[in-house]
Amino acid sequence: MAPRLIFDLGGGSLEITLLHAEGVERSFAFPLGTVRLMESMGLSDRMTREQQRAVRDRVLATLVSAWPDPPELADNIIVGCGGNAEPLARITAGALHTCALGTTGAAYCWGDGTSGQLGDGATASSDVPVPVAGGHRFTAITAGAYYTCALDTTGRPWCWGAGLGGQLGDGTLEERDTPVPVSTSMRFASLSLGDSHTCGRTREGAIYCWGDNSSGQLGDGSGAKAWPVPVLVRW
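Sequence order sets the numbering: in each chain, residues are counted from 1 along the sequence as written. At least 70 in pLDDT is required for a residue's local features to be given in this predicted model, at least 80 for side-chain atom pairs to be given and counted, and no such filter applies to totals for whole chains, interfaces and linings, which use all residues. The basis for every side-chain value is the complete set of heavy atoms in the structure, and neither hydrogens nor water enter the calculation.

For the rest of this paragraph, the subject is the state of the cysteines. When two cysteine sulfur atoms are found within 2.5 Å, that pair is recorded as a disulfide. What the rule picks out here adds up to 3 disulfides. Each disulfide pairs two cysteine sulfurs, and for Cys99 the partner residue is Cys109, the sulfurs being separated by 2.0 Å. Looking down the S-S bond of the Cys99 and Cys109 bridge, the torsion is 105°, so its handedness is right-handed. Here Cys99 is found in strand E6 (residues 97-102), whereas its partner Cys109 is found in strand E7 (residues 107-111), with 10 residues between them in sequence. Note on classification: 1.4 Å probe, protein chains only; a residue is buried when its accessible area is under 20% of the maximum for its type, exposed when over 50%, partly exposed between these limits. A relative accessible area of 0% places Cys99 in the buried class. Residue Cys109 is classed as buried on the basis of its relative accessible area, which comes to 0%. Here Cys199 engages in a disulfide with Cys209; their sulfurs sit 2.0 Å apart. Starting at the N terminus, helices and strands are each numbered in turn, a helix being any DSSP run of H or I of at least four residues and a strand any DSSP run of E of at least two.

By convention a nonpolar core is built from buried Ala, Val, Leu, Ile, Met, Phe, Trp, Tyr and Cys residues, the set being connected through side-chain atoms within 4.5 Å. Within the largest apolar cluster, 12 residues are counted, these being Cys99, Leu101, Ala107, Cys109, Leu118, Val130, Val132, Phe138, Ile141, Ala150, Trp158 and Trp160. Here, two residues are considered to be in contact whenever any of their heavy atoms come within 4.5 Å of each other. Here Ala107 is in contact with Ala100, Leu101, Val130, Pro131, Val132, Phe138 and Ile141, once residues within four sequence places are set aside. In terms of nonpolar packing, the next biggest core, distinct from the first, is built from 11 residues, Leu151, Leu191, Leu193 and Tyr208 among them.

A few words on the sheet that holds strand E14 (residues 197-202). In short, DSSP must find at least two bridges between two strands for them to pair. Strand order in the open sheet made by the 4 strands is E13-E14-E15-E16, with antiparallel pairing throughout. Two strands close off the open sheet at either side, each with one partner strand: strand E13 (188-193) and strand E16 (226-232). Adjacent strand axes in the sheet meet at a mean angle of 15°, parallel and antiparallel pairs treated alike. Where E14 lies against strand E15 (residues 207-212), 5 bridges are found, and the strand directions are antiparallel. For Thr198, the partnering residue across the bridge sits in E15 and is Trp210. Angles shown run from 0 to 180 degrees and are taken between the N-to-C directions of axes, each axis being a line fitted to C-alpha atoms and, for helices, limited to the stretch in contact.

Judged by pairing direction, the sheet is antiparallel, and its 4 strands sit side by side in the order E9-E10-E11-E12 without closing on themselves. Pairing within the sheet leaves two strands with one partner each, and these edge strands are strand E9 (138-143) and strand E12 (176-181). Averaged over all pairs of adjacent strands, the angle between their axes in this sheet comes to 20°, without regard to strand direction. Examined bridge by bridge, strand E10 (residues 147-152) and strand E11 (residues 157-161) share 5 bridges and lie antiparallel to one another. Paired with Thr148 across the bridge in E11 is Trp160.

Below, the discussion takes up the pattern of salt bridges. When a carboxyl oxygen of Asp or Glu lies within 4 Å of a side-chain nitrogen of Lys or Arg, that pair is called a salt bridge. With the rule as written, the count across this model stands at 1 salt bridge. Of the charged contacts in the structure, one is a salt bridge between Asp170 and Arg176, with a shortest N-O distance of 2.9 Å.

So, about the confidence of the model for the protein. Low pLDDT means the predicted atomic positions in that stretch should not be read closely. What pLDDT expresses is the predictor's confidence in each residue, scored from 0 to 100. Residues of the protein with pLDDT of at least 70 account for 63%, and the chain-wide mean is 78. In this model, residues 1-46 is a region of pLDDT below 50 whose contacts with residues beyond four sequence positions or in other chains number 119 contacts. pLDDT under 50 marks residues 70-84. Its contacts with residues more than four places away, or in other chains, come to 40 contacts.

If you trace the backbone, Val229 turns up in strand E16. The sequence separation of Val229 and Thr184 amounts to 45 residues, and the corresponding C-alpha distance is 7.6 Å. With near-sequence residues (within four places) excluded, Val229 lies in contact with Gly169, Gly171, Ser183, Cys209 and Trp210.

A pair of aromatic rings is counted whenever rings of Phe, Tyr or Trp (Trp by its six-membered ring) have centres within 6.5 Å, and the orientation is called stacked for planes under 30 degrees apart, edge-to-face for over 60 and tilted otherwise. In the structure shown here, the tally under the stated rule is 2 aromatic pairs. For the ring pair Phe188 and Trp210, a centre distance of 5.8 Å and an interplane angle of 75° mean the geometry is edge-to-face. Of the two residues, Phe188 sits in strand E13 while Trp210 sits in strand E15, which places them 22 residues apart along the sequence.

Once that is clear, we can look at the environment of Leu232. Looking at the element boundaries, Leu232 is found in strand E16. For Leu232 and Gly200, which are 32 residues apart along the polypeptide, the C-alpha to C-alpha distance reads 9.9 Å.

What follows is the structure, encoded as structure tokens:
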């Protein structure tokens, strides 16, 4: 992993952490108060991606002037607001998007968002990580081709993105740009996502699938073209 800086604008000062592949190398509070920094740039506490880039450029310029030998990190930087910046613990990639979980269980996605697969309440693409909406804390996250699913701390599955094949499991064939719960009371231990179908193993070891079934990929023997809710795989 290339070195990265994480700028956390959630506290009373600007917290900067320098990360390397082997872990945290340097962490300190930069002498630039968050309130003063954001007021001087006309920012609120919820920044757009363009504003995040503006903060990044401003901070980099100040950092260069204060740090005699700063690392060259201009293209590998995460800017967080309100405590959203954190090291990433898990990562998964779909066809044109990527998602990850932070160490707190917060989810972030980036890349193509035209089907809502970033989960941030929009259908725009992003070239930097954006927080998934809803304030959920997840323990696992998996990307399908154009959608994403995750398990919360109770084992409940949530999905968002493309849903034409029923792969979100919410009982509809609609796309969703924020996480929606899969229509089931079961709790899952793991999920696996395909192009337009999803399968999961419950905590009891049963296998359920939902979504497109045009090739029999749900394994329920029904011959149905799609199931927008979980169905039991027949062994």
